[in-house]
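A closer look at the structure
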Amino acid sequence: MALSLMPMRLTSLKHVPGFIEKAEELKSKGISEIFVLSVNDPYVMKGWAKSYPENKHLKFLSDSTAAYIKSLGLELELDVSDKGYGTRSERFALLLDDLQVKVANVETGGQLKVSTAEDMLKSL
């Protein structure tokens, strides 16, 4: 099983660190991979990953065209295209098993209430 999450960069001071802190516990419960996915280019994602030197388990991935986000129907209902940002994503955490979504914890209103590492641990 794999875990995929989409934190928003400016509000990820708790989201990503929570998964770093709980990574070994998640892995002990059967999670094989933990991915941090963002609608951003690979260079930004590489830099973002480097900002967490204590990270040993999370892999940072780019969805630069938002293709994966769109396939899941998780585009953020926010029109910022006039500012050059393109498609943005909701904040979420997914539990995947054999590429099938088993748990989808999607935030509303920019909050961090259902997609934390603790919430995902409760889902296992």
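In the nomenclature of an unreviewed UniProt entry, the protein chain is known as Glutaredoxin-dependent peroxiredoxin of Hibiscus sabdariffa. Under Sequence similarities (unreviewed entry), UniProt gives the following word-for-word description of the protein chain: "Belongs to the peroxiredoxin family. Prx5 subfamily."

What follows covers the environment of Leu58. Mapped onto the elements of the fold, Leu58 is located in strand E3 (residues 58-62). According to the relative accessible area criterion, Leu58 is buried, its value standing at 6%. Sequence spacing of Leu58 and Phe35 is 23 residues, and the spatial spacing of their C-alpha atoms is 5.6 Å. Ignoring sequence-local partners within four residues, the contact set of Leu58 consists of Val16, Phe19, Ile20, Ala23, Ile34 and Val36.

What follows deals with the nonpolar core. One finds Val16, Phe19, Leu58 and Phe60 to be the most contacted residues of the largest nonpolar core, which totals 19 residues. Residue assignment for this core shows that the elements contributing at least two residues are helix H1 (12-28), strand E2 (33-38), helix H2 (42-50), E3, strand E4 (92-97) and helix H4 (117-123). The element best represented in this core is H1, accounting for five residues. Of all hydrophobic cores here, the second largest spans eight residues; its members include Val39, Ala66, Leu74 and Leu96.

What follows is about the pairing of strand E5 (residues 100-106). By the bridge criterion, six bridges tie E4 to E5 in an arrangement that is antiparallel. If you follow Leu95 over to E5, its bridge partner there is Val103. Turn length for the E4-E5 hairpin, with the two strands adjacent in sequence and antiparallel, is two residues, and the turn residue Asp98 shows positive phi of about 55°.

What counts and how
Residues numbered from 1 in each chain as written. Predicted model: local features only at pLDDT ≥ 70, side-chain atom pairs only at ≥ 80, totals over all residues. Heavy atoms only, no water. UniProt positions renumbered as here; feature names shortened; annotations may be inferred. Helix = DSSP H or I, 4+ residues; strand = E, 2+ residues; numbered from the N terminus. Buried < 20%, exposed > 50% of the residue type's maximum accessible area, 1.4 Å probe, protein only. Contact = heavy atoms within 4.5 Å. Core = buried A, V, L, I, M, F, W, Y, C linked by side-chain atoms within 4.5 Å. Pairing = 2+ DSSP bridges.

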